[in-house]
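# A structural walkthrough
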Amino acid sequence: MNNEIKLEFDAISANESFARVAVAAFVTPVNPTLEEIADVKTAVSEAVTNAIIHGYDGKRGKVFLHCILRERTIHIEVKDTGKGIDDVDKAMEPLFTTRPELDRSGMGFSFMEAFMDDLQVLSAPGAGTCVVMDKRFADVSSGPYEE
């Protein structure tokens, strides 16, 4: 089974919850566990929040969400066309934040890495950022609960 969605929405904080619920609904055909759904929702939330807060820095913009479900794997891209990241390696360090005045913990990329199977961050200053994540869902039908 392959399925694909593309969403574009305003870079405002109210749309973060929309994005996480949309992706959670999108993966339901593969019957993910509650933990897997929570992992995906958290990673999407962090990526979208980063795009809104860091990518656009309070300015108007759009966030682009692209998801492809192939078999039992979801491929997620969260993209902005904002200011980009000067040093991706530094930005991915735990506790690093460029917005401490907003009580940002600097753990967004760490959470994405922890909850997803693969994470890539592609960015260029002045050109925006694309966060690419993959998550493979367990096949619970062949697990210990099958009768």
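Here, every reference points to the structure presented above.
Residues numbered from 1 in each chain as written. Predicted model: local features only at pLDDT ≥ 70, side-chain atom pairs only at ≥ 80, totals over all residues. Heavy atoms only, no water.

### Observations concerning the pairing of strand 5 (residues 128-136)
In terms of burial, strand 5 is largely enclosed, as eight of its nine residues are buried. In this structure, strand 4 (residues 118-124) lies alongside strand 5, joined through seven bridges in antiparallel fashion. From the neighbouring strand, Val121 faces strand 5, where its bridge partner is Val131. The hairpin turn running from strand 4 into strand 5, its antiparallel successor, is three residues long, and Gly126 in that turn takes a positive phi close to 80°. (Buried < 20%, exposed > 50% of the residue type's maximum accessible area, 1.4 Å probe, protein only. Helix = DSSP H or I, 4+ residues; strand = E, 2+ residues; numbered from the N terminus. Pairing = 2+ DSSP bridges.)

### So, the nonpolar core
Ile74, Ile76 and Met133 are the most contacted members of the largest nonpolar core, which has 33 residues in total. For this core, the secondary structure elements donating two or more residues are helix 1 (14-26), helix 2 (34-55), strand 2 (62-70), strand 3 (73-80), helix 3 (88-91), helix 4 (108-115), strand 4 and strand 5. In terms of residue count, helix 2 provides more of this core than any other element does, seven residues in total. Apart from the residues within four sequence positions on either side, Ile74 is in contact with Val23, Phe26, Val27, Cys67, Ile68, Leu69, Met133, Asp134, Lys135 and Phe137. (Core = buried A, V, L, I, M, F, W, Y, C linked by side-chain atoms within 4.5 Å. Contact = heavy atoms within 4.5 Å.)

### As for the sheet that holds strand 2
Judged by pairing direction, the sheet is antiparallel, and its five strands sit side by side in the order 1-2-3-5-4 without closing on themselves. Two strands close off the open sheet at either side, each with one partner strand: strand 1 (2-10) and strand 4. Between one strand axis and the next, the sheet turns by 10° as a mean value, whatever way the strands run. With nine bridges joining them, strand 1 and strand 2 adopt antiparallel strand pairing. Across the sheet, Asp10 pairs through a bridge with Lys62, a residue of strand 2. Sheet contacts for helix 1: strand 1, strand 2 and strand 3; angle to strand 1, the most-contacted strand, approximately 175°. Here helix 2 sits on the sheet in contact with strand 1, strand 2, strand 3 and strand 5, set at roughly 175° to strand 5. (Axes fitted to C-alpha atoms, helices over the stretch in contact; angles between N-to-C directions.)

### A closer look at the side chain of Glu16
On the secondary structure map, Glu16 appears in helix 1. Sequence-distant contacts of Glu16, that is, excluding residues within four places in its chain, are made with Ser45, Val48 and Thr49.

### Digging into helix 1
Helix length check: helix 1 (13 residues) gives 19 Å between terminal C-alpha atoms against 18 Å at 1.5 Å per residue, within 8%. Restricting attention to buried positions, one finds in helix 1 the residues Asn15, Glu16, Ala19, Ala22, Val23, Ala24 and Phe26. Turning to helix 1, the residues buried within the fold contact strand 1, helix 2, strand 2 and strand 3. (Expected span 1.5 Å × (residues − 1).)

None of this, on its own, says anything about what the molecule does.
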